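# Results of the structural survey
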Amino acid sequence: MRVLVVDDEVRLADGLRRGLEAEGFSVDVAHNGVDGLWLARENEYAVILLDVMLPGMSGYSMCRALRDEENWTPVIMLTAKDGVWDQVEGLDTGADDYLTKPFSFAVLLARLRALTRRGSTPRPVVLTVGDLVLNPVSRDVSRDGTRIELTSREFAVLSFLMRRAGEVVSKAQIIEAVWDFSFDGDPNIVEVYIGHLRAKVDRPFGRTSIRTVRGAGYKIDADG
């Protein structure tokens, strides 16, 4: 499988190339966003490993450009920025996963393999589940044409559910995606936010799209 590494840290990019080649991958490397975007347009890749802070064009801009062109190659963002909203911005531009530097090469490999199993499926920037519409860029949410006001955290939880519409996601997955990897509070906080969302996006419209799957987690369905 062919992988594109886009990172301006030459030593890191070279280390990733050598490590991935040792695992059987074919690897191309670019050290700026402009060259990375050109390579991504000209070649087919199983996964793109994309740094956020790049000369010429940021990783966010490169990922958004690919998605605007309906290029759905899986993207893993690599960055030294570890803030929750930095992660949210990366995912909202169309990235599939997010790793904070320094990271374990073993973890990177595991996530890379998971994405290659999933393949290049369409992931439009504007999310739609039935008559529920969420725009990550303008941060607008509406149902049946009616605008819905959400807090930032409610918006992040709903966005995560809608990106995985029809899939069951656990509390741990929601916490990792919406809070952060080191969250040590009460995991039942997820139930609180699910309750808030149901009160805003489901009940006023006579819907039950956000469902609890006993012992497993939650999922959102279009037929709710």
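Residues numbered from 1 in each chain as written. Predicted model: local features only at pLDDT ≥ 70, side-chain atom pairs only at ≥ 80, totals over all residues. Heavy atoms only, no water.

The subject of this paragraph is helix H1 (residues 10-22). End to end, H1 covers 18 Å across 13 residues, agreeing with the expected 18 Å (1.5 Å per residue, within 8%). Residue Gly24 follows H1 closely and has a positive phi angle near 100°. (Helix = DSSP H or I, 4+ residues; strand = E, 2+ residues; numbered from the N terminus. Expected span 1.5 Å × (residues − 1).)

Our focus in this paragraph is helix H8 (residues 189-202). The end-to-end C-alpha distance of H8, which contains 14 residues, comes to 19 Å, matching closely the 20 Å that a straight helix rising 1.5 Å per residue would cover. Within H8 the residues assigned to the buried category are Val190, Tyr193, Ile194, Leu197, Val201 and Asp202. Buried residues along H8 cover an arc of 120° about the axis, so they all sit on one side. Its buried side turned inward, H8 meets strand E7 (132-135), strand E8 (140-143), helix H6 (152-163), helix H7 (171-178), strand E10 (210-213) and strand E11 (217-220). (Buried < 20%, exposed > 50% of the residue type's maximum accessible area, 1.4 Å probe, protein only. Arc of directions from axis to C-beta. Contact = heavy atoms within 4.5 Å.)

In this section: the sheet that holds strand E4 (residues 75-79). Strands sit in the order E2-E1-E3-E4-E5 across an open sheet of five strands; the sheet is parallel. The open sheet terminates on both sides in strands that have one partner only, identified here as strand E2 (26-30) and strand E5 (97-100). On average, adjacent strands in this sheet sit at an angle of 20° to one another, irrespective of strand direction. By the bridge criterion, four bridges tie E4 to E5 in an arrangement that is parallel. Following the sheet pairing, Leu78 is matched in E5 by Leu99. H1 contacts strand E1 (2-6), E2, strand E3 (47-51) and E4 of the sheet and is inclined by roughly 170° relative to E2. The strands touched by helix H3 (residues 59-68) within the sheet are E1, E3, E4 and E5, with E3 carrying the most contacts at an inclination of about 145°. (Pairing = 2+ DSSP bridges. Axes fitted to C-alpha atoms, helices over the stretch in contact; angles between N-to-C directions.)

Residues Leu158, Leu161 and Ile174 are the most contacted members of the largest nonpolar core, which totals 27 residues. Of all the secondary-structure elements, those providing two or more residues to this core are strand E6 (127-129), E7, H6, H7, H8 and E11. Of all the elements, H6 adds the most residues to this core, at seven residues. If you look at the next biggest cluster of nonpolar residues, it comprises 20 residues, including Val6, Ala30, Tyr45 and Tyr60. (Core = buried A, V, L, I, M, F, W, Y, C linked by side-chain atoms within 4.5 Å.)

Here the focus is the UniProt feature "modified residue: 4-aspartylphosphate" (unreviewed entry) in the protein chain. In the numbering used here, UniProt assigns the feature "modified residue: 4-aspartylphosphate" (unreviewed entry) to Asp51. For Asp51, the position within the fold is in strand E3. Not counting residues within four places of it along the chain, the set of residues in contact with Asp51 comprises Val6, Asp7, Asp8, Gly59, Leu78, Thr79 and Lys101. (UniProt positions renumbered as here; feature names shortened; annotations may be inferred.)

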